[in-house]
Amino acid sequence: MFWSWRCIKLFVIAAFITTLFTMPATTYGFQTPMKMPMPTPTPTRTVQSPTPKPDMTGIKSSGDASKKPVPSATPTPMPGMAQTPTTSPDMKDMKSSGTSSQAAIMGYNMMGAAGLVPHGVMVGMAGRWMVSYHFMIDRLEGNLIGARRVSEASVLTNFEAAPTDMTMQMHMFMVMYSLTNKFTLMAMLPYTRMSMGELHRDGTRSTERSEGIGDVELRANYVLYKRRDLRHRFLLNAGVGLPTGSINRRDAEGARLEYPMQPGSGTFSVIPGFTYLGQAVPWAWGAEFMPTLRIGRNSNGYTLGNRYQPSFWGGRQMTPWLSLIARFDGDIWKNIKGADATLDPSTEPTKDPLLQGGRRLDFTFRANIHPPEGVLNGHAFLIDVVKPIYQSLDGPQLRRRWAVRLGWHWEF
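The rules behind the values
- Residues numbered from 1 in each chain as written.
- Predicted model: local features only at pLDDT ≥ 70, side-chain atom pairs only at ≥ 80, totals over all residues.
- Heavy atoms only, no water.
- Helix = DSSP H or I, 4+ residues; strand = E, 2+ residues; numbered from the N terminus.
- Buried < 20%, exposed > 50% of the residue type's maximum accessible area, 1.4 Å probe, protein only.
- Contact = heavy atoms within 4.5 Å.
- Areas by Shrake-Rupley, 256 points an atom, 1.4 Å probe, with all protein chains shown as cover.
- Salt bridge = Lys/Arg side-chain N within 4 Å of Asp/Glu carboxyl O.
- Phe/Tyr/Trp six-rings, centres within 6.5 Å; stacked < 30°, edge-to-face > 60°.
- Core = buried A, V, L, I, M, F, W, Y, C linked by side-chain atoms within 4.5 Å.
- 1 Å grid on protein atoms, 1.4 Å probe; cavity = no way out; pocket = protein on both sides within 12 Å on 5 of 7 lines; lining within 4 Å.
- Points joined across faces, edges and corners; volume = space filled by probe spheres on them.
- Nonpolar A, V, L, I, M, F, W, Y, C, P; charged D, E, K, R; others polar.
- Polar contact = N/O pair within 3.5 Å; in protein donor to acceptor, adjacent residues only side chain to side chain.
- Patch = residues over 30% accessible without salt bridge, like charges linked within 9 Å, V, L, I, M, F, W, Y side chains within 5 Å.

Participant: Lay out the overall build of the chain with the relevant residues and their values.
Facilitator: The number of helices and strands found in the chain is three helices and 16 strands. Counting every position in the chain, which comprises 412 residues, the buried fraction comes to 41%. Considering only contacts within the chain whose residues lie at least 6 apart along the sequence, 69% involve residues at least 24 apart. When the accessible surface of the chain is split by element, carbon and sulfur atoms take 62% of a total near 23,200 Å².

Participant: Describe the environment of Arg399, with residues and values.
Facilitator: Mapped onto the fold, Arg399 is located in strand S16 (residues 379–411). Residue class for Arg399 comes out buried when judged on its relative accessible area of 18%. The spatial distance from the C-alpha of Arg399 to the C-alpha of Met166 is 9.3 Å, given a sequence separation of 233 residues. Residue contacts for Arg399: discarding those within four places in its chain leaves Arg139, Leu140, Glu141, Gly142, Leu144, Arg149, Gln391 and Leu393.

Participant: Describe the pattern of salt bridges, listing the residues and the values that go with them.
Facilitator: In this structure the tally under the stated criterion is 17 salt bridges. Taking the shortest distance from any N to any O, the salt bridge between Arg139 and Glu141 comes out at 4.0 Å. A relative accessible area of 34% means that Glu141 is categorised as partly exposed.

Participant: So what's going on with the packing of aromatic side chains? Residues and values would help.
Facilitator: In total, this model carries eight aromatic pairs according to the counting rule given. Between Tyr225 and Phe234, the ring centres sit 6.2 Å apart and the planes meet at 40 degrees, which makes this aromatic pair tilted. For Tyr225, a relative accessible area of 41% puts it in the partly exposed group.

Participant: Explain the nonpolar core to me, and be specific about the residues and the numbers.
Facilitator: Among the nonpolar cores identified, the biggest contains ten residues, and these are Met130, Met136, Met170, Met172, Met174, Met176, Met186, Met188, Val386 and Ala403. Within the residue set of this core, elements represented by two or more residues are strand S1 (129–146), strand S3 (161–178), strand S4 (183–200) and S16. The leading source of residues in this core is S3, at four residues. Among the nonpolar cores identified, the runner-up in size contains eight residues, and Val117, Val123, Leu235 and Ile325 belong to it.

Participant: How would you summarise empty space enclosed by the protein if you had to cite specific residues and measurements?
Facilitator: Tallied over the entire structure, the rule returns two cavities of 30 Å³ or more. Together, Leu116, Val117, Leu230, Arg233, Leu277, Gly278, Gln279, Trp285 and Trp313 line the second largest cavity. Its residues placed into classes, the lining of the second largest cavity shows six nonpolar, two polar and one charged.

Participant: Hey, could you go over the side chain of Lys351 for me, with residue numbers and the actual values?
Facilitator: Tracing the sequence through the fold places Lys351 in the loop between strand S14 (337–338) and strand S15 (358–369). Assessed through its relative accessible area of 17%, Lys351 is described here as buried. For Lys351, the residues in contact, after removing those within four places along its chain, are Glu258, Tyr259, Leu343, Asp344, Pro345 and Gln356.

Participant: Which residues make up the environment of Ser151, and what values do they have?
Facilitator: In this structure, Ser151 sits in the loop between strand S2 (148–150) and helix H3 (152–156). The exposure class of Ser151 is partly exposed, given its relative accessible area of 42%. For the pair Ser151 and Pro396, spaced 245 residues apart in sequence, the C-alpha to C-alpha distance is 9.5 Å. Here Ser154 takes part through its backbone nitrogen, which lies 3.2 Å from a polar atom of the side chain of Ser151.

Participant: Give me the lowdown on the environment of Thr244, citing residues and values where you can.
Facilitator: Assignment of secondary structure puts Thr244 in the loop between strand S7 (232–242) and strand S8 (268–270). Measuring from C-alpha to C-alpha, the distance between Thr244 and Gly266 comes to 7.4 Å, with 22 residues separating the pair along the chain. Sequence-distant contacts of Thr244, defined by excluding residues within four places in its chain, comprise Ile213, Gly214, Asp215 and Val216. Polar side-chain contacts of Thr244 include one of 2.7 Å to the backbone oxygen of Gly214. A distance of 2.9 Å separates the side chain of Thr244 from the backbone nitrogen of Val216, its partner in a polar contact.

Participant: Please set out unusual backbone geometry residue by residue, giving values where relevant.
Facilitator: Residue Pro282 is bonded to the preceding Val281 through a cis peptide linkage, with omega at 15 degrees. Note that Pro282 resides in the loop between strand S9 (273–280) and strand S10 (283–295). A cis amide bond links Gly395 to the next residue, Pro396, at an omega of 20 degrees. Residue placement: Pro396 occurs in strand S16. Located in the positive-phi region is Leu230, a residue other than glycine, with phi close to 65 degrees. With respect to the helices, strands and loops of the structure, Leu230 is situated in the loop between strand S6 (216–226) and S7. A residue is classified by how much of its surface remains accessible, and Leu230, at 2% relative accessible area, is buried.

Participant: How would you explain a nonpolar patch on the surface if you had to name every residue and give the values?
Facilitator: Side chains of Leu218, Val240, Phe268, Val270 and Ile295 sit close together on the surface and give an oily, nonpolar patch of about 390 Å² of accessible area. Counting through the fold element by element, Val240 comes out in strand S7.

None of this, on its own, says anything about what the molecule does.
What follows is the structure in structure tokens.
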């Protein structure tokens, strides 16, 4: 039944993506790709001045010759007089749009269409800033050994306590600045709040809580290659993680909390990687690989396992203010090297350094809202709904059930 239910979920997700991205763009109000407005040339008309006639004043003529000519509504240009060219409607629109239209066109030509570049990636437009805030809720419930679900009673046969569920809330603050059209700097500060429920052998339940600042990350990306039409772009990423998060959070009795409940790593990290961006408006696609490599051991005698995060995505701009993106995010994290001497691995699986690794594949559906004009121009909002497709954990270890992410960023 487990495999059949998994197949049903995969089929529903595939059908939804196929239906969403194969519908005509006009269904959602998007007509044509964004293009730079070009003025319509006005054909030049050469007006020939009439041949001057001799003054006939005072000379009488017979018949209708005595009738006076009817004056024309448009004055006849005199020979040698400068003529004012007719202004086309497109030129009027260009003048009325002013600097804002030119800035929008420049931003599109250098950075890509709004909503099709992932949050956290800013390229082009030297001298521009971006500030960002993300809030994420991650819900874990039930234990896995490998990909197999195990009951709490089964966990209690080997340990004195079993984790039952965990809720993590994370606030992420980010600032980015483009030094040049190709080189961008970024700083990220996380703040996490965690609570984990436990079931003990005697039938009692307890909840452990922890919160604090995590490890600050300083990153940079550089555009190695881009086509003039931005159809393909390759970015090189480099970064470092600083041990600003605590690894000494304690419970109500004063004992040090287990590994997953500590906000920090206690060590420096190296964060290399690469990003590929592709687009053909209203479509976009891309891939990214971002490993986190730990350096040395922390003051408590252990090193968190390295982490490897590949991602693939595809998206479509449905309207000038809405883009929808489907992502597949992989996550592979290794077991802990070393051990905290104050944690007894026989009491709980969360205290065993050899039961902390795992791998997971998540499907993320994102709605990206980016107002093209008005007071919110330059701001963007995102809503992510995350659902795991596959998990295999070196458990017993809590599995992810779902996650939701809300985000805002302001570029100026």
